[in-house]
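Per-entry structural report
The lines below spell out each chain.
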Amino acid sequence: MKTKILALLLLSATLGGCNKFLEEKPLAEVALDQHYKNLYDVQAAIAGMYSAFQLEMVGKGNYQDNKDNYLEKYLYWGEYRADNFDRAISYTKDYVDEIVLNSLTPTNQFSDWSGLYTAIGRINNNIKYIPKAAELDSRITPEMLKDYLAQCYALRGMCYFYLVRVWGDAPIWLEPYEDVQQPAASAREPKDKILNEVIIPDLEKAYSLVDKDAKNALWTIGGAGICAIMSDVYMWKKDYQNASKWITRLFLTKSPTGVSYAGTNETNLQDGASWKTIFVNPTSSKETIWSIHWDYLKNGCACMQTSWSPNNKQIIVDEGVWATWFQPQTTTSPSPDIRPQQTLDVYFGLPSNKRDRFIKWYPTDANPTKADPWPVTNQALPVYLTMYRLSDMYLLYAEALNGLGDRTNALKYLNFVRKRARLPQYDANDATIATSYQLETAILDERRLELFGEGKRWFDLVRTGRVKDVMDPILKRRQEEAGNLDKPGFLDPTNRVYWPIHRNVLNSNKSLVQNPGYTD
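About the criteria used
- Residues numbered from 1 in each chain as written.
- Predicted model: local features only at pLDDT ≥ 70, side-chain atom pairs only at ≥ 80, totals over all residues.
- Heavy atoms only, no water.
- Helix = DSSP H or I, 4+ residues; strand = E, 2+ residues; numbered from the N terminus.
- Expected span 1.5 Å × (residues − 1).
- Bend = angle between axes of the 7 residues up to and from the residue.
- Patch = residues over 30% accessible without salt bridge, like charges linked within 9 Å, V, L, I, M, F, W, Y side chains within 5 Å.
- Areas by Shrake-Rupley, 256 points an atom, 1.4 Å probe, with all protein chains shown as cover.
- Salt bridge = Lys/Arg side-chain N within 4 Å of Asp/Glu carboxyl O.
- Lys, Arg positive; Asp, Glu negative; His and termini not counted.
- Charge placed at Lys NZ, Arg CZ, Asp CG, Glu CD.
- Buried < 20%, exposed > 50% of the residue type's maximum accessible area, 1.4 Å probe, protein only.
- pLDDT = per-residue confidence, 0-100.
- Contact = heavy atoms within 4.5 Å.

Relative to the 33 Å expected for 23 residues at 1.5 Å per residue, helix α6 (residues 114-136) spans 33 Å between its end C-alpha atoms, a close match to the ideal helical length. Along its length, α6 shows its largest kink, about 35 degrees, at Y129, and proline P131 lies within four residues downstream of that point.

See the structure below:
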């Protein structure tokens, strides 16, 4: 989506020509409703809210301009605290060390939630004023109005879902901030209240407005995207019945290619031979649901730790998953799994095992025999970050079905993903999945690999209560390598699964209280 261009249109539509600008009041003195006059204003406003969210996910920094300015919260929030990635000891900064060693402080730059509230603020404005623009411009049809509002409610629900998953309790802000005399400080509300009284109602409202027969738009949130977020929310609540209901609704919607998601077997997924299409050409994939389009020409380099950049990255693949999943692909007896060699350049840096050339977002050989050339032109390629896709939903569905006691169908959906990956399928009598807990473990393990680097792993560990069990031995190993011989592991899992609130946020809102386990 041409977010940057459309955002500029909002500015130009507001200011008008140069002569008129000299006669205009400053923007701060112009009522918000003056920014919503016609279709172009509305399109720019919708682009503006997505742009704010996209910047939170991908970042505002450029590697070449500021090597310390990686800001991809998509991964710092969803991956880097978990067991998929570790620090590259020679190059990491303090804020990265804090994240991978579980020693977070309130000065860590990724503990700032301001960007999410920027997006929420734009969305609140849109919800109030887009209907008024529709009254002024007949080109905004009732169907378009419903679609715009559906996107607004859905994205607001997603923003609050990130707040709940990363910090727990948070302030609720559902109206435009239009008067500087209006008190801005607001206390945190309980996370359960946010889930039940904000996120779920917003998503239900979005679903009531969206055209359920339209094919999914991919770069914006359509019917399938709403269903995917809602099922994720209910899984966070451990409400497996409602999660299953929303996943089955998703199966009835259409992919960006116009094909029904269906959800009947592995053939509804992108086939194994073209698995990489999901990431490098998502508009042609029948599996994609909602992705972020970061275009180099419009947005600059997507300079994340897992995208193109020069060497000396701060984040590398963790040595545990390297040894068990990636490195064996270089042996004479590699696994038939199609995914590891299309996720990481397993040959790069051998035998020193650099483990930092993440290739999931780039077109590469499906069956390499040597390191990828990794040309500098990769920097100019667009990066498509998957927010949701069908195999994600299959595995969530398997987890929900297992939670409901439907072992047979849980195993079926787990095996659909394994069959597409060309791995052996689990047998119902397999002793390693004999209990519900063991089957859930197998599903989570499959999610870890299938969705590697897609911002899911940390949240999976938190919502299933497995943070300490999984991370304790890994953190002790990392802490020992860092010279901490006490090796405390994951301290205080009840509180420290959440991030601290950044000190600047606390200073700007005296009604806030820091998360337990952190000092101000």
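There is more to say after this.
The subject of this paragraph is a negative patch on the surface. On the surface, E143, D147, D211 and D213 cluster together to form a negatively charged patch. Mapping D213 onto the fold places it in the loop between α8 (191-209) and α9 (223-236). Since its relative accessible area comes to 60%, D213 is described here as exposed.

Let us now look at the confidence of the model for the protein. Predicted confidence across the protein gives a mean pLDDT of 89, with 91% of residues reaching 70 or more. A low-confidence stretch, residues 1-28 (pLDDT under 50), is modelled with 33 contacts involving residues beyond four sequence positions or located in other chains. Contacts of residues 63-68 to residues separated by more than four positions or lying in other chains number 14 contacts, the stretch itself having pLDDT below 50.

A separate point is the pattern of salt bridges. Enumeration over the complete set of coordinates arrives at 35 salt bridges. When the shortest N-O distance is used, the salt bridge between R457 and D83 registers 2.8 Å. Taken together, the residues R457 in helix α18 (residues 457-463) and D83 in the loop between α4 (73-78) and β1 (85-87) connect sequence positions 374 residues apart. Its relative accessible area of 5% is what places R457 among the buried residues. Ionic pairing is found between R339 and E450, a salt bridge with its closest N-O pair at 2.9 Å. Remark: E450 occurs in helix α17 (residues 436-450) and R339 occurs in the loop between α13 (319-326) and α14 (340-343); sequence separation between them is 111 residues. There is no split in this pair, since R339 and E450 are both buried.

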